[in-house]
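# Coordinates in review
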Amino acid sequence: MRRLFALTATLATLAAAALAGTTRAAAADISTNWSGFAVSGSTFTSVSGSWVQPKATCSGGTTSAAFWVGLGGNSDASNALEQIGTSSDCSADGRASYSAWYELVPAGSVPIKLKVYAGNKLSGAVKVNGTKVTVQIRNLTRGTSFTKVLTMAAPDVSSAEWIAEAPSVCDTYGRCRTVALTDFGTINFSKSRATGGGHTGTISDPLWTPTAIQLQSTADFGPFASASSAAQAVPAGLSRDGSAFSVSYAAVDQAPQPDPYGGGYF
């Protein structure tokens, strides 16, 4: 699903920590459903990245966490988003499950018949050429892959993203709510690259503008929600080459605080 905005501000402490080890400055935003990094300032035709599937810690209550790479969806004005990724979910009776999917917003998510387990190393990519969208995911641990070419009337190519998300579910009337976020521990993204204006670079490439995004859940999930209903997901600093970072889950009462020395979060 496209990004939902809570507060949008230049958070100097978060930005300094998120870009630790690089020479770039970055904006830092707060969202109610996304955490990770987005880049803007170009017309993007591809995005790719790798991650290790996080293990879901289930303590009762239905929860979900999605991990993906994608193009578009990073503005209030956006009506489209092209993405592919995986999920770590918990059922109401405490069972963990893992899956792969793709989604071309405003259409719904489509499950992929690709087995995924906690600890598997995966890579994903989205490419756009006019109205043609190619989505690909590979399970590098199991040696399996999925590729599909689709047609989309108006893809959004204004941004590229590497995201951990609290997904949404929608009813037949189009009314959507954000699902409680699964406790996924920490996810590590690597080999994060995008192509914009014919140039390929990492998140910190000087030809575009990186934004660190922190998830702060504000939704009320009702009396049967688990403790993970009120949660945060916080991105840590980019690697020196700008291609790798991590996102960590935290319940609100144990959310990591910015390191006053600029080294990340503790």
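For the structure, see preceding data.
First, a word on what this report is: a plain description of the structure on this page.

Glancing now at the nonpolar core. Core analysis: the biggest nonpolar cluster contains 45 residues, and Trp162, Leu181 and Phe184 have the highest contact counts within it. Core analysis: the second largest hydrophobic core is formed by nine residues, Trp34, Ala38, Trp68 and Leu81 among them.

Take the pairing of strand E4 (residues 63-72) next. Burial analysis of E4 places ten of its ten residues in the buried class, which makes it a mostly covered element. Where E4 and strand E5 (residues 81-90) come together, ten bridges link them in antiparallel fashion. Residue pairing across strands places Ala65 opposite Ser88, the latter belonging to E5. In terms of strand pairing, E4 meets strand E11 (residues 159-165) through six bridges, oriented antiparallel. Bridge pairing links Val69 to Trp162 in E11.

Further remarks concern the pairing of strand E14 (residues 186-196). Here strand E3 (residues 44-52) pairs with E14 via six bridges, running antiparallel. Within the sheet, the bridge partner assigned to Ser46 lies in E14 and is Thr195. Here E14 runs beside strand E15 (residues 199-201); their pairing, made up of three bridges, is antiparallel. The residue of E15 that forms the bridge with Ala194 is Gly201. Hairpin geometry of E14 and E15 is characterised by an intervening segment of two residues between the two adjacent antiparallel strands and by a positive phi of about 60° at Gly197.

Turning our eyes to something else, we now look at unusual backbone geometry. The step from Val105 to Pro106 runs through a cis peptide bond, and the omega angle for that step is 20°. Within the secondary structure, Pro106 is located in the loop between strand E6 (96-105) and strand E7 (109-112). A positive phi is found at Lys191, a non-glycine position, where the angle reads about 50°. Along the chain, Lys191 falls in strand E14.

Evaluated as defined, the whole model comprises one disulfide. Disulfide pairing is shown between Cys58 and Cys90; the S-S distance is 2.0 Å. Taking the sign of the S-S torsion, -80° for the link of Cys58 and Cys90, the bridge is left-handed. Taken together, the positions of Cys58 in the loop between E3 and E4 and Cys90 in strand E5 put the pair 32 residues apart, joining distant regions of the chain.

On the surface, Lys121, Arg138, Lys191 and Arg193 cluster together into a positively charged patch. Note on placement: Arg193 falls in strand E14. The class for Arg193 is partly exposed, based on a relative accessible area of 35%.

We now examine the pattern of salt bridges. Scanning all chains against the criterion turns up one salt bridge. Salt-bridge contacts for Asp93 lead to Arg95; the nearest nitrogen and oxygen are separated by 3.1 Å.

Next up on the list: the environment of Ala180. Assignment of secondary structure puts Ala180 in the loop between strand E13 (176-178) and E14. Given a relative accessible area of 5%, Ala180 falls into the buried group. Between the C-alpha atoms of Ala180 and Cys90, which are 90 residues apart in sequence, the distance is 9.9 Å.

Attention now moves to the side chain of Thr195. Tracing the backbone through its elements, the reader meets Thr195 in strand E14. Of the polar contacts made by the side chain of Thr195, one reaches the side chain of Thr200; its length is 2.7 Å. Apart from the residues lying within four places of it in its own chain, the contact partners of Thr195 are Thr43, Phe44, Thr45, Ser46 and Thr200.

On inspection of all chains with the given rule, the structure shows eight aromatic pairs. Considering the side-chain rings of Trp51 and Phe189, the 6.1 Å spacing of their centres and the 50° angle between planes classify their relative orientation as tilted. You can see Trp51 sitting in strand E3 and its partner Phe189 sitting in strand E14, a full 138 residues away along the chain. For the pair formed by Trp51 and Phe189, the shared burial category is buried. Each ring, one from Phe189 and one from Phe245, has its centre 5.1 Å from the other, and the planes form 15°; the classification is stacked. Of this pair, Phe189 sits in strand E14 while Phe245 sits in strand E18 (residues 245-251); the two residues are 56 residues apart in sequence, bridging distant segments of the chain. We note that Phe189, like Phe245, is buried.

Reading the values: rules and limits
Residues numbered from 1 in each chain as written. Predicted model: local features only at pLDDT ≥ 70, side-chain atom pairs only at ≥ 80, totals over all residues. Heavy atoms only, no water. Core = buried A, V, L, I, M, F, W, Y, C linked by side-chain atoms within 4.5 Å. Buried < 20%, exposed > 50% of the residue type's maximum accessible area, 1.4 Å probe, protein only. Helix = DSSP H or I, 4+ residues; strand = E, 2+ residues; numbered from the N terminus. Pairing = 2+ DSSP bridges. Disulfide = S-S within 2.5 Å. Patch = residues over 30% accessible without salt bridge, like charges linked within 9 Å, V, L, I, M, F, W, Y side chains within 5 Å. Areas by Shrake-Rupley, 256 points an atom, 1.4 Å probe, with all protein chains shown as cover. Salt bridge = Lys/Arg side-chain N within 4 Å of Asp/Glu carboxyl O. Lys, Arg positive; Asp, Glu negative; His and termini not counted. Charge placed at Lys NZ, Arg CZ, Asp CG, Glu CD. Polar contact = N/O pair within 3.5 Å; in protein donor to acceptor, adjacent residues only side chain to side chain. Contact = heavy atoms within 4.5 Å. Phe/Tyr/Trp six-rings, centres within 6.5 Å; stacked < 30°, edge-to-face > 60°.

The analysis is restricted to geometry; functional conclusions fall outside its scope.
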